[in-house]
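# Breakdown of the fold
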Amino acid sequence: MTEIEITPEPGGSQGLHGYLATPDGQGPWPGVVLIHEAWGVDENMRAHADRLARMGYLTLAPDLYSQGGARKCLVSTMRAMLTGRGRAFADLEAARRYLVASDRCTGKVGAIGFCMGGGFALLTVHSHDAVAVNYGFPPRNVDEVMAGACPVVASYGALDTPLRSAPARLEAALTKAGVVHDVKQYQKAGHSFLNETESGPGWLRPLLRAQHAGPEPAAAADGWRRIEAFFAEHLGAGESS
């Protein structure tokens, strides 16, 4: 597991870097671009990347805040997700190309996103071979975006009030588009339930807990089981040796 420099795409971040998690063994392996939460590539995102590597996926988590840090880049990155254009998309494409060009990758590349990253993942369904969306906002024009999309697996928590209707909207769009999908809402989970520990600034965590955000082990176990099975089917089963 290592921090790497990524060659930027035109319009992308200068000094683009990310966290690369490599499976044990010789490879090659399918690749996964991991798209981080609003808090950046923190310990939870690194833990998710490591988990995917143990599944047998060469996993790269690009830091979308590379050009200035979270304080400078958060607003513009969120704006990019909401508008569907901006520097973040160039950075995600640079990460995908890094994996495709690697002799340790089979050429099959998926994406997985969490929170903000889940919203970005839904906007990259035409450039990946499979996408895993975790509590991400569907785009306003979700029917249009899902037309011709790659297979999608998505997980949401019913206690995540702002996203309570998102699973139904997304599933309806995927069904209409004839896209292979697996969408599930967990009744006892809130936002960020796949994380192993609480995330965000310490002073904010009591408020996040009050909003039911944070780890929910039972839902997380089932969510990861579904992601692993879905990626194995559509990216190729990970080979760890």
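Look a little higher up for the structure.
Residues numbered from 1 in each chain as written. Predicted model: local features only at pLDDT ≥ 70, side-chain atom pairs only at ≥ 80, totals over all residues. Heavy atoms only, no water.

### What to know about the pairing of strand S6 (residues 131-134)
Of the two faces of S6, the one carrying Val131 and Val133 and the one carrying Ala132 and Asn134 are both buried. Judged from the four bridges that link them, strand S5 (residues 105-114) and S6 form a sheet pairing that is parallel. Along S6, the bridge assignment pairs Ile112 with Ala132. Bridge count for S6 against strand S7 (residues 152-157) is four bridges, and the pairing is parallel. Paired with Asn134 across the bridge in S7 is Ser155. (Buried < 20%, exposed > 50% of the residue type's maximum accessible area, 1.4 Å probe, protein only. Helix = DSSP H or I, 4+ residues; strand = E, 2+ residues; numbered from the N terminus. Pairing = 2+ DSSP bridges.)

### Regarding helix H8 (residues 217-235)
Between its first and last C-alpha atoms H8 spans 26 Å; for 19 residues at 1.5 Å apiece the expected length is 27 Å, and the two agree. Of the surrounding secondary structure, the elements contacted by the buried residues of H8 are strand S3 (29-35), helix H1 (43-55), S5, S6, S7 and strand S8 (181-186). Looking one or two residues beyond H8, the residue adopting positive phi is Gly236, at roughly 105°. (Expected span 1.5 Å × (residues − 1). Contact = heavy atoms within 4.5 Å.)

### Side note on the pattern of salt bridges
Inspection of every chain in the model, using the stated rule, returns 10 salt bridges. One salt bridge in this structure joins Lys176 and Asp143, with 3.5 Å as the shortest N-O distance. On the criterion of sequence distance, the pair formed by Lys176 in helix H6 (residues 166-177) and Asp143 in helix H5 (residues 142-146) is long-range, its members being 33 residues apart. On the basis of relative accessible area, Lys176 is assigned to the exposed category, the value being 67%. By relative accessible area, which is 39% here, Asp143 ends up partly exposed. In this structure, Arg209 and Glu198 form a salt bridge, with 2.6 Å as the shortest nitrogen-oxygen distance. With Arg209 in helix H7 (residues 205-210) and Glu198 in the loop between S8 and H7, this residue pair connects regions lying 11 residues apart in the sequence. Residue Glu198 is classed as partly exposed on the basis of its relative accessible area, which comes to 27%. Bridged by salt links that share partners, the residues Glu9, Glu93, Arg96 and Arg97 form one connected network. (Salt bridge = Lys/Arg side-chain N within 4 Å of Asp/Glu carboxyl O.)

### Considering the state of the cysteines
For the structure on display, the rule yields zero disulfides. Cys105 carries a free sulfur, and the closest cysteine sulfur to it, the one in Cys150, is 15 Å from it. (Disulfide = S-S within 2.5 Å.)

### Re the packing of aromatic side chains
With the rule as written, the count across this model stands at five aromatic pairs. For the pair Tyr57 and Phe231, a centre-to-centre distance of 6.0 Å together with 65° between the ring planes defines the contact as edge-to-face. In this pair, Tyr57 sits in the loop between H1 and strand S4 (58-62) while Phe231 sits in helix H8, placing the two residues 174 residues apart along the sequence. Since its relative accessible area comes to 1%, Tyr57 is described here as buried. (Phe/Tyr/Trp six-rings, centres within 6.5 Å; stacked < 30°, edge-to-face > 60°.)

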